[in-house]
Amino acid sequence: MAAPAFAPDMELHTPAGTVPLAGLTGTARPLLLDMTEDASVAGELARWHDQVDIVIAEDRSPAPAATALLLRPDCYVASASDSPRPDAADLDALRTATQRWFGDAEPPATARKPYERREGR
C-alpha cells in the first residue's frame, strides 16, 4: 500500500465561486471533490452526506491531477480517481474507501442531493 499523500494545492470553481481547496477544508470534515465531467461520483456517494461534505467543482489548476478526491479531515487523500468518467471499478474503489474511513452510508431514501450543504458548514 502506498503512503498517504497530502491533498494538492488546487484552485476550484464551485457553484459558490472560485476557492482554493483550503477554503473547503476549514470544517475539518471529510470531503469528496467531484471534478468529473458528469458529476457521477457525487451521485454515487450522495448517501454519505452526513459523514462527508460533497462538493462538485472544476479544478482550475494548470495541470489537474485528479477528477475525484476523497479527503480525510486531515487533508490526506483517502482515495482518488483520474478518470473523467469513472468506470464501475473506480466508483467501487471510492465507495469502499468511503465506507472504510467514514462508516456505512445512510439508506437511499434519506440521502440529500450532492450540492445541498448544511447551514454553518
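Just so we're clear, the structure is a prediction, and the values are computed from it rather than from any experiment. (Residues numbered from 1 in each chain as written. Predicted model: local features only at pLDDT ≥ 70, side-chain atom pairs only at ≥ 80, totals over all residues. Heavy atoms only, no water.)

> Explain unusual backbone geometry to me, please; I cannot follow it from the model alone.
Backbone phi values are negative for most residues with the exception of glycine, while trans is the configuration of most peptide bonds. Phi at Ala28 is positive, roughly 55°, even though this residue is not glycine. Examined against the element boundaries, Ala28 turns out to sit in the loop between strand S2 (17–20) and strand S3 (31–34). The phi torsion at Ala39 lies on the positive side, around 55°, for a residue other than glycine. With respect to the helices and strands, the residue Ala39 is situated in the loop between S3 and helix H1 (40–45). (Helix = DSSP H or I, 4+ residues; strand = E, 2+ residues; numbered from the N terminus.)

> Is there a simple way to explain the pattern of salt bridges in this structure?
Where side chains of opposite charge bring their charged atoms close, a pairing between them can arise. Evaluated as defined, the whole model comprises six salt bridges. Salt-bridge contacts for Asp53 lead to Arg29; the nearest nitrogen and oxygen are separated by 3.0 Å. Of this pair, Asp53 sits in strand S4 (residues 53–56) while Arg29 sits in the loop between S2 and S3, and the two are 24 residues apart along the sequence. Judged on exposure class, the residue Asp53 and its partner Arg29 are both buried. Where Arg95 meets Asp92, a salt bridge forms, and the shortest distance between an N and an O atom there is 3.9 Å. You can see Arg95 and its partner Asp92 sitting in helix H2 (residues 88–102), three residues apart, about one turn around the helix. On the accessibility criterion, Arg95 (24% relative accessible area) is partly exposed. (Salt bridge = Lys/Arg side-chain N within 4 Å of Asp/Glu carboxyl O. Buried < 20%, exposed > 50% of the residue type's maximum accessible area, 1.4 Å probe, protein only.)

> In this structure, what is going on with the sheet that holds strand S5 (residues 58–59)? I would like to understand it.
Each strand in a sheet pairs with its neighbour through backbone hydrogen bonds, running either in the same direction (parallel) or in the opposite one (antiparallel). What the three strands build is an open sheet, ordered S2-S1-S5; its pairing is antiparallel. Since the sheet does not close on itself, it has two edges, and those belong to S2 and S5, each with one partner. In this structure, strand S1 (residues 11–14) lies alongside S5, joined through two bridges in antiparallel fashion. Counted as the bridge partner of Leu12 is Asp59 from S5. (Pairing = 2+ DSSP bridges.)

> Explain the side chain of Thr36 here, please?
You can see Thr36 is positioned in the loop between S3 and H1. For Thr36, a relative accessible area of 9% gives the class buried. Contacts of Thr36, omitting those with residues within four sequence positions, involve Val41, Thr67, Ser83, Pro84 and Pro86. (Contact = heavy atoms within 4.5 Å.)

> What exactly am I supposed to notice about the environment of Leu45 here?
Tracing the backbone shows Leu45 in helix H1. Along the chain, Leu45 and Ala105 lie 60 residues apart, while their C-alpha atoms are 8.3 Å from each other. Setting aside residues up to four positions removed in sequence, Leu45 forms contacts with Leu32, Ile54, Leu94, Arg95 and Thr98.

> Looking at this structure, I do not really get the pairing of strand S6 (residues 68–71). What am I missing?
Working note: regular strand, side chains alternate between the two faces of the sheet. Covered by surrounding structure in S6 are Ala68 and Leu70 together with Leu69 and Leu71, the residues of both alternating faces. Here S3 pairs with S6 via four bridges, running antiparallel. Bridging from a neighbouring strand, Asp34 pairs with Ala68 of S6. Examined bridge by bridge, S6 and strand S7 (residues 77–81) share four bridges and lie antiparallel to one another. Paired with Ala68 across the bridge in S7 is Ser81. The antiparallel pairing of S6 with S7 creates a hairpin that spans five residues between the two strands, and Cys75 there sits at a positive phi of about 70°.

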